Each structure stands twice: as structure tokens, then as C-alpha cells.
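Tertiary structure, described
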Amino acid sequence: MLTPLKREEFDKYIDFIYALALDPAKSGYPTYTDGIKTKADLVERSLRAFERENEDILLYEREGRVAGWIHYYYLSEDKYLDTCSFCIAEGMGDAIREFTAFARERFPGSQLYLGFPGENPQVEEALKSGGFTCIERDFNDVFDLDRYESRQPDPDVAPVTMENFDLFRALHAQHEEMYWNSDRLLADMDEWRLLLYMPHGVPMGALQARKDSEMGEIFGIFFPAGYDAGAYRALVTAALNGAKADGAGSMVFFNDSESQADALALGFRCVGEYMCYQTAL
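Model, not experiment: these values are computed from the prediction. (Residues numbered from 1 in each chain as written. Predicted model: local features only at pLDDT ≥ 70, side-chain atom pairs only at ≥ 80, totals over all residues. Heavy atoms only, no water.)

**Topic: the overall build of the protein chain**
Broken down by element type, the protein chain carries 8 helices and 12 strands. For 281 residues, the compact-globule estimate of 2.2 N^0.38 gives 19 Å, and the C-alpha radius of gyration of the protein chain, at 20 Å, lies within 12% of that figure. Here the C-alpha coordinates of the protein chain stretch approximately 65 × 40 × 35 Å along the principal axes. Among the 281 residues that make up the protein chain, the fraction classed as buried is 47%. In the protein chain, once contacts between residues fewer than 6 apart in sequence are set aside, the share between residues at least 24 apart is 68%. (Helix = DSSP H or I, 4+ residues; strand = E, 2+ residues; numbered from the N terminus. Rg over C-alpha atoms; globule rule 2.2 N^0.38 Å. Buried < 20%, exposed > 50% of the residue type's maximum accessible area, 1.4 Å probe, protein only. Contact = heavy atoms within 4.5 Å.)

Laid out in C-alpha cells, this is it:
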């Protein structure tokens, strides 16, 4: 059973929820097992649910006992539904099914996205049987920048500007289904580090990274004709240098199987496998 969490109940459950958040078999994404996010971060993010109209936390009760919670948020303009924390001590599959049924009734016509660690054995079966499709399966990698010293940049890497944005858009075109498509990036360029790899003036790769003074994140690298290890290393190095200059303590990047070896060679550490599932409600 799912019931809204009351503000006065928050302190009663937060220690229990944080313990679940540290167990990849009992929690979803974003993960708190990455060595970056803390209990204070979970508390701060969770409390925002009581201040925002588009968020809520649902307690999950099983056999008369609270077995976890689901913190969700909804972007009405985009009909986009996602979770901030999905922490369940037991009955993860049933919790997914109950939340999906709740979402279908509450947010019809929307897209629901759920991310889970690959270490969670109950998730895949429950999601597939519930009509979800796996749209992403990656490695959750973290680069610790505290002891990182900026490396020599590749001269073929250039920042994306208003003048050359169309070159970036052309490489990003195959990924326009993602939320941060080219139009949204163009409207919010100050918040992003967008880079082009242009040997001999020809765009052979592009990178999209979120700027942050604490934790940067690379959202994607795009190539015109398949994976290019040289372009990957040049672009990621430039992104790491930029994040270090911003004062960030870490950089997150979800790599696929093609780029994982290069990510580890550059100094990323792997937190675990990440699976993203989507369904139309």
C-alpha cells in the first residue's frame, strides 16, 4: 500500500531510508553508494518534497509495516515522471507494480522513467512484466577531482558557442529523444559545458556536460560515425579540466561498454551498473 508521507513522520523514517539507500539491492537511482552523496544530501533533497507542488513521497507498506518509500517528481509541461529515491526493504517488485499503477491513474499520458542498479535482481522482471522498456544500460563511473591536476588540453577541442551550435546540433541529432535535447541546451547554455572535437576543422565528436561547483556530470558524447577513442579521450579530458576549474570535487559519467575501458584508463572508478527503464502511462 502506498500512502503520502507526512512532514511530521519524516524524522521517524529517514535513518531507515538512508540505510536502504546504501544498499544497491534495495534502492534505485540516483544512488547514494557512489561515495559522493551523503545522508545530509538525502535529507536536504527529500525535504524539498514538502515545499513543491510537483513532488511527493509515498510510504510503501507491506503486511502492515512500512517497508520503504518512493519520492517522485513530475514535470507537467513535459509529461515527465521520475524518482528522486526509491528505497524498499522487501517486496521491490510489488512496490514497482503498485507505484506504476498509481502513476497510471494519477498521471495518464505521461512518460515514467525508473533507474536501478544492475545489482537489483527483482527489478528487471518486474519492470519488463509491467510494460517497461530498458532504454539505457551503462556503467556508473565517478572521477574524483580532489587530487586531479589539469592535463594538457587537445588543441582540436573547442567550446560550443552560438556561432557553431549547429555543428553540435548535427552530432546531437541522433539523441534528440533525451530530455536535454538541442533546443533545451541552446536555451540554457550558461549551465552547460558543450564541446566539439574538430581535427582539421571537421567535427568528429561532441560532449555535453552539466556545470556544477560540487559535482559535474557528463550527459553524453556523440560521434558522427561510431565510437572514436581518440575523440573520447580528448573531450573527456577537456571536461575534467573544466570541472576542476569550476571547483567541483567529482565528475559523474554513465559509460557504455564501448567507452568503459577508456573511462577507467583516464582514472574513473566504477560504482556499478545502471539500468534505465521507461514506459508510457
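**Section: the side chain of Asp 34**
As for its placement among the helices and strands, Asp 34 is situated in the loop between helix H1 (10–21) and helix H2 (39–47). Residue classification places Asp 34 among the buried positions, given a relative accessible area of 3%. Among the polar contacts listed, one links the side chain of Asp 34 to the side chain of Lys 37, at a separation of 2.5 Å. (Polar contact = N/O pair within 3.5 Å; in protein donor to acceptor, adjacent residues only side chain to side chain.)

**Here's the deal with the packing of aromatic side chains**
Taken as a whole and judged by the stated rule, the model has 25 aromatic pairs. Considering the side-chain rings of Tyr 72 and Phe 107, the 5.8 Å spacing of their centres and the 70° angle between planes classify their relative orientation as edge-to-face. Residue Tyr 72 is located in strand S3 (residues 65–75), and its partner Phe 107 is located in the loop between helix H3 (92–106) and strand S5 (111–117); the two are separated by 35 residues in the primary sequence. On the basis of relative accessible area, Tyr 72 is assigned to the buried category, the value being 3%. According to the relative accessible area criterion, Phe 107 is buried, its value standing at 9%. Put simply, the rings of Tyr 72, Tyr 74, Phe 86, Phe 99, Phe 102, Phe 107 and Phe 116 touch in pairs and so form one group of aromatic residues. Between the NZ or CZ atom of Arg 7 and the centre of the ring of Phe 50, over which it lies, the distance is 5.9 Å. Lying over the aromatic face of Tyr 32, Lys 37 brings its terminal NZ or CZ to 5.7 Å of the ring centre. (Phe/Tyr/Trp six-rings, centres within 6.5 Å; stacked < 30°, edge-to-face > 60°. Lys NZ or Arg CZ within 6 Å of the ring centre and 35° of its normal.)

**Quick notes on the confidence of the model for the protein chain**
In this model, the protein chain carries an average pLDDT of 94, and 100% of its residues clear a pLDDT of 70 or more. Looking over the protein chain, one finds the lowest element-wise mean pLDDT in helix H6 (residues 182–187), namely 89, and the highest in H1, namely 98. (pLDDT = per-residue confidence, 0-100.)

**A closer look at the pattern of salt bridges**
Between side chains of opposite charge, pairing is possible as soon as their charged atoms come close. Applying the stated criterion to the full structure yields 17 salt bridges. A salt bridge links Arg 45 to Glu 55, with the shortest nitrogen-to-oxygen separation between them at 2.8 Å. Here Arg 45, found in helix H2, pairs with Glu 55, found in strand S2 (residues 55–62); they are 10 residues apart in sequence, far enough to count as distant. Assigned by exposure class, Arg 45 and Glu 55 land together as buried. Across the pair Asp 246 and Arg 193 runs a salt bridge whose closest N-O atoms are separated by 3.1 Å. You can see Asp 246 sitting in helix H7 (residues 229–246) and its partner Arg 193 sitting in strand S8 (residues 192–197), a full 53 residues away along the chain. (Salt bridge = Lys/Arg side-chain N within 4 Å of Asp/Glu carboxyl O.)

**Thoughts on empty space enclosed by the protein**
One pass over the full model with this rule turns up 1 cavity of 30 Å³ or more. Here the largest cavity is characterised by a volume of approximately 40 Å³. What lines the largest cavity is simply Ala 21, Ser 27, Gly 28, Pro 30, Tyr 32, Ser 85, Phe 86 and Cys 87. With 3 residues, the single largest contributor to the lining of the largest cavity is strand S4 (residues 80–88). Taken together, the residues of the lining of the largest cavity sort by class into 5 nonpolar, 3 polar and no charged. (1 Å grid on protein atoms, 1.4 Å probe; cavity = no way out; pocket = protein on both sides within 12 Å on 5 of 7 lines; lining within 4 Å. Points joined across faces, edges and corners; volume = space filled by probe spheres on them. Nonpolar A, V, L, I, M, F, W, Y, C, P; charged D, E, K, R; others polar.)

**Description of H3**
Side chains of residues three or four places apart in an α-helix project in the same direction, reflecting 3.6 residues per turn. For H3, spanning 15 residues, the distance from its first C-alpha to its last is 21 Å, which sits close to the expected 21 Å at 1.5 Å a residue. Among all positions in H3, only Met 92, Gly 93, Ala 95, Ile 96, Phe 99, Thr 100 and Ala 103 are buried. What you see down the axis of H3 is that its buried residues fit within an arc of 155°, all on one side. Elements that come into contact with the buried residues of H3 comprise strand S1 (2–4), S2, S3, S4, S5 and helix H4 (123–129). (Expected span 1.5 Å × (residues − 1). Arc of directions from axis to C-beta.)

**Observations regarding H2**
Along H2, the residues that are buried comprise Leu 42, Arg 45 and Ser 46. All buried residues of H2 project into a common sector of 95° when viewed along the axis, lining one side. Buried-residue contacts for H2 involve H1, S2, S3 and S4. Sitting at the amino-terminal end of H2 is Thr 38, which places a side-chain oxygen 3.3 Å from the backbone nitrogen of Ala 40.

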